[in-house]
Amino acid sequence: MSTKSFLKAEQLEQTREVLTPPLMVPDGDVRQAFCFSSENFSHWLGKKLEERLQGIPGWREVHPIMLGSWARGELSPKSDIDVLFCGDEDKVKAYVDLVQEAGLKLRYRMPQDPEDWTKNVEAFDILSLLKARPLTPEGAQKLFEQQKKIWTKKNHFRRILLKAVKEERKAREERFDSITNYLEPNIKFGPGGLRDLEQGLQVYELFAEKFTNPGHALNVLKYYRNYLLCLRQKLQLDGYNDILSSATQFDIAKWMGFKSNKDFMHSLQRGLSRVHFYSDWIFEVAESSEQNLKKIERQEFKKAEDLLKALYKNSSVLQQKKVREQIDFFFRDNEIKRLARRRGKMLDEVLSVKASDEFLVSVFRSRMIDKLVPEIRRLVGYVQHDQYHRFTADSHIMQACRETKRLYSKPKELGPLKFLKDHLSAYDWKVLSWSALYHDLAKGMDSSDHSDAGVQIVDRDFKSYGFTKSFTEDVKWMVKNHLELSQAAFRKNSKDPKVWQELKDKGVEGANLYRLALFTAVDIRATNPEAWNQWKAKLLKDLVESLSSKKAQGYFDFYSLKKKKHLQISDEIYEELGAILVESLSTKELVEDLKQAEQSTESLAPKILKTRNGEIWIRFHDRHDRKGILADYVTQLYSLGLGVRHASIHTLPKVGVYDWFQVTTQKNLQQLSQILKNTQLKSKEVPLVKFDSIQLVSSDEKEWVISFKGPDQSGLLASAAKSLSEAGISIKSAKVHTWGRQVDDIFFVKAHGQSSELIQGLKEKFKIQET
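Rules of the game
Residues numbered from 1 in each chain as written. Predicted model: local features only at pLDDT ≥ 70, side-chain atom pairs only at ≥ 80, totals over all residues. Heavy atoms only, no water. Helix = DSSP H or I, 4+ residues; strand = E, 2+ residues; numbered from the N terminus. Rg over C-alpha atoms; globule rule 2.2 N^0.38 Å. Buried < 20%, exposed > 50% of the residue type's maximum accessible area, 1.4 Å probe, protein only. Areas by Shrake-Rupley, 256 points an atom, 1.4 Å probe, with all protein chains shown as cover. Lys, Arg positive; Asp, Glu negative; His and termini not counted. Charge placed at Lys NZ, Arg CZ, Asp CG, Glu CD. Pairing = 2+ DSSP bridges. pLDDT = per-residue confidence, 0-100. Core = buried A, V, L, I, M, F, W, Y, C linked by side-chain atoms within 4.5 Å. Contact = heavy atoms within 4.5 Å. Phe/Tyr/Trp six-rings, centres within 6.5 Å; stacked < 30°, edge-to-face > 60°. Axes fitted to C-alpha atoms, helices over the stretch in contact; angles between N-to-C directions. Parallel < 35°, antiparallel > 145°, perpendicular 65-115°, else oblique. Left-handed = near helix turned anticlockwise from the far one by under 90°. Nonpolar A, V, L, I, M, F, W, Y, C, P; charged D, E, K, R; others polar. Expected span 1.5 Å × (residues − 1). Salt bridge = Lys/Arg side-chain N within 4 Å of Asp/Glu carboxyl O.

Q: I'd like a description of the overall build of the chain, backed by residues and values.
A: Helix and strand counts for the chain come out as 34 helices and 12 strands. Its C-alpha atoms give the chain a radius of gyration of 39 Å, clearly above 28 Å, the size a compact globule of 771 residues would have. Out of the 771 residues belonging to the chain, those deemed buried represent 55%. Entry remark: accessible area of the chain is about 36800 Å², with carbon and sulfur atoms responsible for 47%. Positive and negative side-chain charges of the chain, numbering 124 and 107 respectively, have mean locations separated by a distance of 4 Å.

Q: Outline the pairing of strand β9 (residues 693–699), supporting the account with residue identities and numerical values.
A: Across six bridges, β9 lies against strand β10 (residues 703–711) in antiparallel orientation. Along β10, the bridge assignment pairs Ser693 with Lys709. Between the antiparallel neighbours β9 and β10 lie three residues.

Q: How would you explain the confidence of the model for the chain if you had to name every residue and give the values?
A: When pLDDT is averaged along the chain, the result is 89; 96% of the residues meet or exceed 70. Here helix α8 (residues 179–183) is the element of the chain with the lowest mean pLDDT, 62, and helix α20 (residues 426–438) is the one with the highest, 97.

Q: Quick rundown of the nonpolar core? Include the residues and the values.
A: Among the nonpolar cores identified, the biggest contains 109 residues, and Phe331, Met368, Trp434, Leu437, Tyr438 and Leu485 are the most heavily contacted of them. Of all the elements, helix α25 (residues 510–527) adds the most residues to this core, at 10 residues. Setting aside residues no more than four positions away along its own chain, Trp434 makes contact with Gly344, Leu347, Asp348, Leu351, Phe462, Tyr465, Phe467, Phe471 and Val475. Core analysis: the next-biggest nonpolar cluster, separate from the first, contains 91 residues, Trp70, Ile81, Leu221 and Met256 among them.

Q: Explain the packing of aromatic side chains to me, using residue names and the numbers behind them.
A: Within the structure shown, the criterion is met by 37 aromatic pairs. Measuring from centroid to centroid gives 5.1 Å for Tyr408 and Trp429, while their planes differ by 80°, and the two rings are edge-to-face. With Tyr408 in helix α19 (residues 393–409) and Trp429 in helix α20, this residue pair connects regions lying 21 residues apart in the sequence. What makes Trp429 buried here is its relative accessible area of 3%. By the ring-pair criterion, three or more aromatic residues cluster together here, those being Tyr427, Trp434, Tyr438, Phe462, Tyr465, Phe467 and Phe471.

Q: I'd like to hear about the packing of helix α10 (residues 215–237) against helix α12 (residues 261–287), residue by residue, with values.
A: In the contact formed by α10 and α12, the axes pass within 10 Å of each other and the chain directions differ by 135°. The angle between α10 and α12 places the two elements in the oblique class. When the axes of α10 and α12 are compared, the crossing they make is left-handed. Along its contact with α10, which presents His216, Ala217, Val220, Leu221, Tyr224, Tyr227, Leu228 and Leu231, the element α12 presents Phe264, Ser267, Leu268, Arg270, Gly271, Leu272, Arg274, Val275, Tyr278, Trp281 and Ile282. Considered class by class, the residues forming the contact of α10 with α12 number 14 nonpolar, three polar and two charged.

Q: Outline helix α7 (residues 154–175), supporting the account with residue identities and numerical values.
A: Residue pairs spaced three or four apart in an α-helix point in one direction, given the helix's 3.6 residues per turn. With 22 residues, α7 should reach 32 Å at 1.5 Å per residue; the first-to-last C-alpha distance of 31 Å fits that figure. Among all positions in α7, only Phe157, Arg158, Leu161, Leu162, Ala164, Val165, Glu168, Arg169 and Arg172 are buried. Each element contacted by the buried residues of α7 is listed here: α5 (123–130), α6 (137–152), α9 (194–206) and α12.

Q: Talk me through unusual backbone geometry; I want residue IDs and the actual numbers.
A: Among all residues save glycine, negative phi is the norm, and among peptide bonds the norm is trans. In the Ramachandran plot, Arg367 falls in the positive-phi region, its phi being about 65° despite a non-glycine side chain. Along the chain, Arg367 falls in the loop between α17 (357–365) and α18 (368–372). Positioned with a positive phi, Lys767 is a non-glycine residue whose angle comes to about 55°. Among the secondary structure elements, Lys767 is positioned in the segment after α34 (755–765).

Q: Give me the lowdown on the pattern of salt bridges, citing residues and values where you can.
A: As enumerated under the stated definition, the model contains 61 salt bridges in all. Between Lys443 and Asp440 there is a salt bridge, with its nearest N and O atoms 3.5 Å apart. Salt-bridge contacts for Asp542 lead to Lys538; the nearest nitrogen and oxygen are separated by 3.1 Å. Of this pair, Asp542 and Lys538 both sit in helix α26 (residues 534–548), four residues apart, which is roughly one turn of that helix.

Q: So what about the sheet that holds strand β2 (residues 81–85)? Which residues, and what values?
A: If you trace the four strands from one edge of the open sheet to the other, you get β3-β2-β1-β4, paired in mixed fashion. Here the strands that pair on one side only, and so sit at the sheet edges, are β3 (106–109) and β4 (133–134). In this sheet, β4 lies alongside strand β1 (residues 64–66) in antiparallel orientation, the contact comprising two bridges. Looking at the pairing, Ile65 lines up with Pro134 of β4.

Here is the structure:
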């Protein structure tokens, strides 16, 4: 396409009067093709172009013949000027030089063989000759002779032309299969654009004898020829090219008479879809045998279910077209509700994961889906204006249904999530299939949340289908929560118990978890295949595994009991107590002990518990915190000859000091319990141990985090706690980590004074050399 118009400046001013907005807002009614001014404008442009070319000396001698958009009556202000000259070669070259000097850019050619213009030319050049228009009597005579020769070899040429057009069409579809083309469609070359439309009409003319009752299809193509040509002409007059960019859509929508940009794009995408379908149909008719065409045409249908059976047996575009012609008769608008139960059964067949992909697509492309689920009509062509959704809303729903089938038969495509199939029953796949169809049906409604509005649609429709209450509730839950795992996996910390609890409160557990995880993959793949990758699959897998883990189950059990026992402590208590403690002790014992500590007005006596794994844990409790209390506890443990493996040390509101220590000992536990209750126990001198490092991990104006690292040795924790106590530091909590023969004691203390002075003093005390 040329970047500059062939019109003169004064002519460009006149165009505003010739190209006028549609007489009425385009609504797809093929009877209203007259409302567009595109044909008159193209004729006007053609006259101005011809006048300009005629004004250049030598015009008649070169015998020009119009080709391309000029010949078809589809001229736009920036159209390429395609011309074939059949005059003397020297005169043609001289004329073309004068044309270029005048500032016009021609795309011209001359026949290599004056007797046979089809020699050594591309198939598309032969096709253009059939639509060419002569501009001189001599040219008309020569063109007529060549067209007559082509038509005498019609069968030979049309096979060549059909193959070439199909190949070009396929390459174009691949090139324009992108998010960008849905949001900013190419009016000329995109799917359903003017090029598809032109090729459909040309192939029809080549194979006209094979068509029976093509009237409606041709009317649709001719209507959108005027519609799309009008858009293209307006875009080019406004200084743009064939791409309907987001910057132009608002002005074009207003000029066309639409209330909003969304209404305009909805109308346009619906039109592009119709053009694409009917041009596909024309190509399939052209390729089909006479026997096959007659077989399709002779079909008779007695009830709505027969239409579905026909698509099941033959999902071709030919069959889809036949069904399109019949659906209004079998699904009259005033009978849709009465057919509800039958519609439910038919949809069950369509959505079965064992039914073919081709069958499902044929139900959508034949528009039978509009009759089975009337809500989907509103979504046909509905564009979701973001850089994430590749498809229109109705196409996205179809893709979601297709992806569900695909992942059922090819779970390996889930990558790290392929294990999900082992957790899904036939019933689960049925829930998934129906959820795929209904999850976005409320898109584009006035409701602020399409998920909530979608639940109401499921409830209404499933009742009319006669589905069970339990199945209805399962699909309603999926529709309402279909975005939850995506948000949790990709925007939140999958290891965070708060995230787990949020999901569990919404019902994300058991079968719901596995269904929702797989559906999240389905939704992403159906939204934009390029957005699904191994990284997202792994994040989803991590979240599923976290929610299914022993730790998560312990967390849920803890909070269930916490609520049941009416514990008043904060929701963060589970995390504060630490994974080692809560996974080691019985949830019931831990919650009951916390409840006792919370309700007691006195400090509880030390408590000893032995776990099923043989671990020994000791709990100290004091209603009132004080400086040095941790040092006293660990000194007492050291004095008893107990080795500390792990510790969970806290001061909790309404509870007080609440410290647990996992210890190693050979002592009798009953005797040890009695000794611990003896407040007169003499403390053993804490030795000065060896630390490899003492570091300030983090600090703010309220809290410091200090790490003591060193080899596992007797009195390590006691020595660290005592040194902090002697330095006047109040310990808020601590964590003791032991792995192999290494220990890392982490203390959370109240900020007091200068942290650098404290760390330096501790290093000097334990004789740690700076490195």
